[in-house]
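Analysis of the macromolecular model
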Amino acid sequence: MVTPLKTASARRLPGALLDWYDRNRRHLPWRAAPGERADPYRVWLSEIMLQQTTVVTVGPYFERFLTLWPTVTDLAEARLEDVLVEWAGLGYYARARNLHKCAVVVAESHGGRFPETEAGLRELPGIGVYTAAAIGAIAFDQPATPVDGNFERVMARLHAVEAPMPGAKPLLRELAERLTPNHRPGDYAQAVMDLGATVCTPRKPKCMICPWSEVCAGRIAGIAESLPAKSPKKAKPTRRGTAFWCLNKDNDVFLRRRPSSGLLGGMMEIPSTEWREDADLGAFETGDPPLPARWRELPGMVRHTFTHFHLELRVMAARIEKDGAEAGGVWHPIANLGRAGLPTVMTKIARHALKHG
Ligand code: SF4
C-alpha cells in the first residue's frame, strides 16, 4: 500500500529539504564547500569506498588514497598490488581491483575526465546504477536519483509503503525518482542521504526535527519506525576450514596470494583448506598443509562473517628451519605484517596465532 501525498505538499518537499540541508549538511572529507562543484574523482572514490562500509571507516582510507594518488591519473599509474595493500580492511576486494581498472580507463580513454552522464559513467568498470547516479548528481548536478538504503528508508516512510523489502525496491525507486527536482539535484541527493543518516535513522527517527514531518504519511500513520518492512531473513550458512600459520627461523610468516577471481580475489592470505559447509565442527579434516612440518592445533577458533556466510577456522601452527619459496608463497616479516595487505579475516587469524602460538 502507498499513501498518496497531496500534489501541493509533494511539490514543496524538495525545497523544504534543501533549506534544511543548507543549515544542517554533514561535513564530509569528499564534499565540496557550499556553492562549489564537487571534484568527480573525490566523489567517485568516496562512493566506491562507501559501498557496504560506514562514513567513519572510510574517512582515513579516503585521505590516504588522496595523499598517495591525488588525481585519477596518479591512481591509474599506481601498481594494483599497492592499491590492494592500501585497500586492505575495507572488504569486498573486487571493488579495489575495479577501482584501479576504472582509473586506467578514465586516464587512458577519457583523458583523465569522468564522463558526465549516467549512461557514460555506467560503462566504466565497477560503476553500477547507484554509483553512476551518485556521481552524476553530486559531481555533475544531473537530475539523477542514487537510491541506496537511506533513500529507500526515507521514501518508504514518507509514502507509508508497507510492502516488504526487497520486493518494494522498484516502487521505492519510482517514488524517489518522481520527487527528484531539476533545481540543485546534486544537493538534493546528498540532502536525502543526510536526512537518512542523521534524522530518518533506522531506529527512532527524529520526526520532531524533520523538514518533511508535516506531510510524512509514515509518521502520520504511526508506523514510521517499522518501515521499510522486511521479509523474514534466511539464516546464513556456516563454512569451516583449517588455516596454517607457519613461521621460519627468522620469524617470517608464510603467505600466499589468492587466485585473482572469487572471494578475496588477488589478496594475500594465510593458507587454508577450502571453506566448506559440509565440514563437521570438531571433526573436520586437517586438510593439506602448504608445507611439510610438525603442525599443532592452537586452542580456540577464528570466526568471521561474510555477506553470505559465517566462517569458522581452526588454526594449525608450525615452525620450520628452511625458508625457500615453497608452494608458491612468500615469507613476510611478522613485524611488518600490517603492510602485507591482508584482508580482515586473515588479520584475525594472525592475531589468533600470535596470541595462542
Ligand atoms: Fe522520516 Fe520521521 Fe521525517 Fe518521516 S517525518 S521522513 S519518518 S524522520
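For the structure itself, consult the block above.
Along each chain, residues carry numbers from 1 onward, in the same order as the chain's sequence is written. This being a predicted model, a pLDDT of at least 70 is required before a residue's local features are given, and a value of 80 or more before pairs of side-chain atoms are given or counted; all residues contribute to the totals for chains, interfaces and linings. Water and hydrogen atoms play no part in the side-chain values, which are based on all heavy atoms of the structure.

**Let's talk about the layout of surface pockets**
- A volume near 460 Å³ is recorded for the second largest pocket.
- Cavities and pockets are defined on a 1 Å grid built over the protein atoms alone: a cavity is a set of grid points where a 1.4 Å probe fits but cannot escape, while a pocket is an open set with protein on both sides within 12 Å along at least five of seven lines, and lining residues are those with an atom within 4 Å of any such point. Along the wall of the second largest pocket there are 23 residues; nearest its centre are Gly91, Tyr92, Leu264, Phe306 and Thr307.
- Helix and strand definitions here come from DSSP, where helices need a minimum of 4 consecutive H or I residues and strands a minimum of 2 consecutive E residues; each element is numbered from the N-terminal end. Mapped by element, the contributors of at least two residues to the lining of the second largest pocket are strand E5 (302–305) and helix H13 (344–356).
- Here the term charged refers only to Asp, Glu, Lys and Arg, the term nonpolar to Ala, Val, Leu, Ile, Met, Phe, Trp, Tyr, Cys and Pro, and the term polar to all other amino acids, Gly among them. A breakdown of the residues in the lining of the second largest pocket according to their chemical character gives 10 nonpolar, 12 polar and 1 charged.
- Here the bounds of each domain stem from an automatic or database domain assignment. Each of domain 1 (7–226) and domain 2 (238–356) accounts for three or more of the residues forming the lining of the second largest pocket. Grid points are joined across faces, edges and corners, and a volume is the space filled by probe spheres set on the points.

**Topic: the site of the ligand**
- A molecule or strand has a residue near it when one of that residue's heavy atoms lies within 4 Å. Every residue near the ligand is listed here: Arg157, Val199, Cys200, Pro205, Cys207, Cys210, Ser213, Cys216 and Ala224.
- Judged by its atoms lying within 2 Å of the grid points, the ligand is housed in the largest cavity.
- Taken together, the residues of the shell around the ligand sort by class into 7 nonpolar, 1 polar and 1 charged. For this analysis, a molecule is said to be in a pocket or cavity if more than half of its atoms are within 2 Å of the grid points defining it.

**A look at the pattern of salt bridges**
- Salt bridge, as used here, is a side-chain nitrogen of Lys or Arg placed within 4 Å of a carboxyl oxygen of Asp or Glu. Per the counting criterion, the structure on display carries 16 salt bridges.
- Among the ionic pairs, Arg178 bridges to Glu174, the shortest N-O distance being 2.7 Å. Pair noted here: Arg178 and Glu174 are both in helix H10 (residues 169–179), with a separation of 4 residues, about one helical turn.
- The residue Arg240 makes a salt bridge to Glu312 at a minimum N-O spacing of 3.0 Å. Here Arg240, found in strand E1 (residues 238–247), pairs with Glu312, found in strand E6 (residues 310–319); they are 72 residues apart in sequence, far enough to count as distant.
- With a relative accessible area of 12%, Glu312 lands in the buried category.
- Via salt bridges that share partners, Asp22, Arg184 and Asp187 belong to a single interconnected network. A 1.4 Å probe rolled over the protein chains alone gives each residue an accessible area, and that area as a share of the maximum for its type sets the label: buried under 20%, exposed over 50%, partly exposed in between.

**Considerations on empty space enclosed by the protein**
- Per the counting criterion, the structure on display carries 1 cavity of 30 Å³ or more.
- As a volume, the largest cavity reaches approximately 120 Å³.
- Around the largest cavity sit 15 residues that line it, and Arg157, Cys200, Cys207, Cys210 and Cys216 are the ones nearest its centre.
- Here the element with the most residues in the lining of the largest cavity is helix H9 (residues 149–158); it accounts for 3 residues.

**A word on the packing of aromatic side chains**
- Planes of paired rings set the category: under 30 degrees apart is stacked, over 60 is edge-to-face and the rest tilted, where pairs are Phe, Tyr or Trp rings (Trp by its six-membered ring) whose centres lie within 6.5 Å. Counted by the stated rule, this structure contains 9 aromatic pairs.
- Centre to centre, the rings of Phe65 and Trp87 are 6.2 Å apart; their planes meet at 80°, and the pair counts as edge-to-face. With Phe65 in helix H3 (residues 55–68) and Trp87 in helix H5 (residues 80–87), the pair connects residues that are 22 residues apart, well separated along the chain.
- The exposure class assigned to Trp87 is buried, which follows from its relative accessible area of 0%.
- With a centroid separation of 5.2 Å and 70° between ring planes, the pair formed by Phe244 and Trp295 is classed as edge-to-face. Of this pair, Phe244 sits in strand E1 while Trp295 sits in the loop between strand E3 (268–269) and strand E4 (296–297); the two residues are 51 residues apart in sequence, bridging distant segments of the chain. The pair formed by Phe244 and Trp295 is uniform in burial state, with each residue classed as buried.
- In textbook terms, an aromatic cluster arises when at least three aromatic residues are bridged by ring pairs, as seen for Tyr41, Trp44 and Phe114.
- In our convention, an over-ring charge means Lys NZ or Arg CZ found within 6 Å of a ring centre and within 35 degrees of that ring's normal. The ring of Phe309 has Arg239 sitting right over it, with the charged end atom 3.9 Å from the ring centre.
- The ring of Trp275 carries Arg258 above its face, with NZ or CZ at 5.1 Å from the centroid.

**With respect to helix H8 (residues 129–140)**
- An expected span of 1.5 Å times one less than the residue number is assigned to each helix. Taking 1.5 Å as the rise per residue, H8 with 12 residues should run 16 Å; its terminal C-alpha atoms sit 16 Å apart, in good agreement.
- Where burial is concerned, most of H8 is hidden: 10 out of the 12 residues are buried.
- Those residues of H8 lying buried are Thr131, Ala132, Ala133, Ala134, Ile135, Gly136, Ala137, Ile138, Ala139 and Phe140.
- At its buried positions, H8 is contacted by helix H2 (40–50), helix H7 (118–122) and helix H11 (185–198).
- Of the residues trailing H8, Asp141 is marked for its positive phi of about 55°. Note on contacts: a residue pair qualifies if any of its non-hydrogen atoms lie within 4.5 Å across the two residues.

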